[in-house]
Amino acid sequence: MKMDIGASLSGTVNAIAGAAIEAARTLMGGSPASGQFVVNHDNVLAAAKIIHTQAESLYELVREARFNLPIDQPGDDIVSTKVAEAWNDLLIYNDDSYATRIDEYVMGLKNLVQQLTDSAKAYGYNEEEIAAALGGGQSA
């Protein structure tokens, strides 16, 4: 069984989320207690960079771990077979599996980055400035 992968994935996801919260605190100059921050000309590219970095980190983590997530049935009996199937469905295969939810969350982050890059354009930043701010890995 590969149960340690789930624990490792959970710990890494928590670390990424913690880093995102710390980055948001820095960006907002305080605490993100309200869950909101104001984007303006001065911080739009920093906000996009923070979210882009977190989305890419989480995407890579899940992409690498996905192949190790399925568990093998521990025995040949019907209970072992059904438990392994149910666990794998919940973790990976169902439409509302944990892996699908993480994929949807990453897509939401990427959509937010796109909204921020659109805002940056509205503030007068050009494509090259936006791409440079995002580390060259994302074109606006």
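Residues numbered from 1 in each chain as written. Predicted model: local features only at pLDDT ≥ 70, side-chain atom pairs only at ≥ 80, totals over all residues. Heavy atoms only, no water.

Caption draft 1: Examining the overall build of the protein chain more closely. When you go through the protein chain residue by residue, the secondary structure sums to five helices and zero strands. The linear arrangement of helices and strands in the protein chain, starting from the amino end, is α-α-α-α-α. The proportion of buried residues among the 140 residues of the protein chain is 29%. Pairs at least 24 apart in sequence give 60% of the contacts found in the protein chain among residues at least 6 apart. (Helix = DSSP H or I, 4+ residues; strand = E, 2+ residues; numbered from the N terminus. Buried < 20%, exposed > 50% of the residue type's maximum accessible area, 1.4 Å probe, protein only. Contact = heavy atoms within 4.5 Å.)

Caption draft 2: Structural view of the pattern of salt bridges. Under the defined criterion, the tally for this structure stands at five salt bridges. Ionic pairing is found between E56 and K110, a salt bridge with its closest N-O pair at 3.8 Å. Taken together, the residues E56 in helix α2 (residues 44-65) and K110 in helix α4 (residues 98-122) connect sequence positions 54 residues apart. Its salt-bridge partner being K82, residue E85 comes within 4.0 Å of it at the nearest N-O pair. With E85 and K82 both in helix α3 (residues 78-93) and three residues apart, this pair spans about one turn of that helix. (Salt bridge = Lys/Arg side-chain N within 4 Å of Asp/Glu carboxyl O.)

Caption draft 3: Summary view of the packing of α2 against α4. Contact geometry for α2 and α4: axes closest at 9 Å, N-to-C directions at 155°. On the basis of the axis angle, α2 is roughly antiparallel to α4. For the pair α2 and α4, the crossing hand works out as left-handed. Contacts from V44, L45, A47, A48, I51, H52, A55, E56, L58, Y59 and V62 of α2 reach α4 at I102, D103, Y105, V106, L109, K110, L112, V113, L116, S119 and A120. Classifying every residue of the contact of α2 with α4 gives 17 nonpolar, two polar and three charged. (Axes fitted to C-alpha atoms, helices over the stretch in contact; angles between N-to-C directions. Parallel < 35°, antiparallel > 145°, perpendicular 65-115°, else oblique. Left-handed = near helix turned anticlockwise from the far one by under 90°. Nonpolar A, V, L, I, M, F, W, Y, C, P; charged D, E, K, R; others polar.)

Caption draft 4: Local environment of the side chain of N88. Residue position: N88 is located in helix α3. On the basis of relative accessible area, N88 is assigned to the buried category, the value being 9%. In contact with N88, other than residues within four places in its own chain, are L69, P70, I71 and Y93.

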